[in-house]
Amino acid sequence: MGKIVEFLDYTFEYSGMERPAVEGVSFSVEEGEVAVLAGASGSGKSTILRSINGLIPHMYPGRRSGKVTVDGADVSSTPTYELARKVGFLFQNPENQIFMFTVEKDVAFGLENLGYEPEVIRRKVDWALGLLGISDLAKRSPSELSDGQKQRVALAGSLVMDPKILVLDEPTSLLDPRTAQDVVSLVSRLNKDLGLTVVLVEHRLELVSPMADRMVVLSGSRVWAEGSPAEVLGREGLHEVGLSPPAIVEVQKRLPSGDGLALDVDGFVRRFLADVGHRV
Ligand SMILES: Nc1ncnc2c1ncn2[C@@H]1O[C@H](COP(=O)(O)OP(=O)(O)O)[C@@H](O)[C@H]1O
Ligand SMILES: [Mg+2]
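Residues numbered from 1 in each chain as written. Chains lettered and ligands numbered in written order. Predicted model: local features only at pLDDT ≥ 70, side-chain atom pairs only at ≥ 80, totals over all residues. Heavy atoms only, no water.

Student: Please clarify how the pattern of salt bridges should be interpreted in this entry.
Tutor: Note that side chains of opposite charge can pair when their charged atoms are close. Scanning the entire structure with this criterion turns up ten salt bridges. Between Asp-71 and Lys-164 there is a salt bridge, with the nearest N and O atoms lying 3.1 Å from each other. One end of the pair, Asp-71, is in the loop between strand 4 (62-70) and strand 5 (73-74); the other, Lys-164, is in the loop between helix 6 (147-159) and strand 7 (165-169), and 93 residues separate them in sequence. According to the relative accessible area criterion, Asp-71 is partly exposed, its value standing at 26%. Salt-bridge contacts for Arg-140 lead to Glu-144; the nearest nitrogen and oxygen are separated by 2.9 Å. Taking the relative accessible area as the measure of exposure, Arg-140 reaches 33% and is therefore partly exposed. Owing to a relative accessible area of 48%, Glu-144 belongs among the partly exposed residues under this scheme. Through salt bridges with shared partners, a single network forms among Glu-33, Arg-214 and Glu-226. (Salt bridge = Lys/Arg side-chain N within 4 Å of Asp/Glu carboxyl O. Helix = DSSP H or I, 4+ residues; strand = E, 2+ residues; numbered from the N terminus. Buried < 20%, exposed > 50% of the residue type's maximum accessible area, 1.4 Å probe, protein only.)

Student: Which parts of the structure should I look at to understand the site of ligand 1?
Tutor: Around ligand 1 there are 13 residues in total, and Gly-42, Gly-44, Lys-45, Ser-46 and Thr-47 lie nearest to it. Contact distances for ligand 1 include 2.7 Å between an oxygen atom and a backbone N or O atom of Gly-42. In isolation ligand 1 has 560 Å² of accessible area, and contact with the protein removes 68% of it. In terms of residue count, helix 1 (residues 45-53) provides more of the shell around ligand 1 than any other element does, four residues in total. By residue class, the composition of the shell around ligand 1 is five nonpolar, six polar and two charged. (Near = heavy atom within 4 Å. Polar contact = N/O pair within 3.5 Å; in protein donor to acceptor, adjacent residues only side chain to side chain. Areas by Shrake-Rupley, 256 points an atom, 1.4 Å probe, with all protein chains shown as cover. Nonpolar A, V, L, I, M, F, W, Y, C, P; charged D, E, K, R; others polar.)

Student: What exactly am I supposed to notice about the sheet that holds strand 4 here?
Tutor: One key point about sheets: their strands pair by backbone hydrogen bonds, in either a parallel or an antiparallel sense. Pairing is antiparallel in the open sheet, where four strands are placed in the order 2-1-4-5. With one partner strand each, in any of the chains shown, strand 2 (22-30) and strand 5 form the two edges of the open sheet. (Pairing = 2+ DSSP bridges.)

Student: Would you mind showing me how to read the packing of aromatic side chains here?
Tutor: Any two aromatic rings considered together are summarised by their centre-to-centre distance and by the angle between their planes. The final tally for this structure, using the stated rule, is six aromatic pairs. Judged by centre distance (4.8 Å) and plane angle (10 degrees), the rings of Phe-7 and Phe-27 are stacked. You can see Phe-7 sitting in strand 1 (residues 3-14) and its partner Phe-27 sitting in strand 2, a full 20 residues away along the chain. Given a relative accessible area of 1%, Phe-7 falls into the buried group. Judged by its relative accessible area of 5%, Phe-27 is buried. (Phe/Tyr/Trp six-rings, centres within 6.5 Å; stacked < 30°, edge-to-face > 60°.)

Here it is, written out as structure tokens:
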């Protein structure tokens, strides 16, 4: 175990901008955790993710202070090809990540760039497609797939690189609620089965807070709160920083007993019955 992602008093300002996108940010993620980043639009979430996978500072110029380490290495002095093997990335829009004519070629892309033997590539691609339940799509063209299927293809392309950390930027925002639930469940399974550390930006807190170990809320480019989802969602002022707490949290805040928010349905029902069950 130990810290696999660590931000230490980190500030980044994109070139040409008048104020930092993130400022004085400190938080860490332990190996094997699912960490959710939340906050209003423009609060700095994507900037944080780009600072983990090295797009910042290697692709985006700007002014930077403090430090970001990933798996013990300082991101600013680690080449992007090395970071790419540690950190898998999934964007909001899979279109930006899918380039090839068939699904299997697309998933193989990163491995081919690293010069693996065709045999090894085939084995890894088959493994990832199987893991994500899309083996039957191998010969299809990505352009004819649904958004949820494209998201899985992009995820498979990350997983074949055998990353330690998976970073996802609003992966469900273009998906319908049902497909969003499927993608979130999949990410949770990858965390449990492969031990992948997950850093996830997601607005649908009702979907992700039950599976999250840690939650970091950004507001106005600074960390507004950090802790377990129950601690963070138990705070006052969530609406003011642009969050919509899950409905089961809102209800529990009106219940008489104080502590220990439940975030899944089972826990909620148990708490509800203990508190007011005798009256219904
Ligand atoms: N490529 C960029 N160039 C300049 N400014 C940017 C860029 N990307 C984001 N910003 C600015 O940085 C701040 C944080 O943005 P971002 O990290 O994208 O927030 P979020 O993902 O929470 O919406 C915003 O003020 C935004 O305008
Ligand atoms: Mg963003």
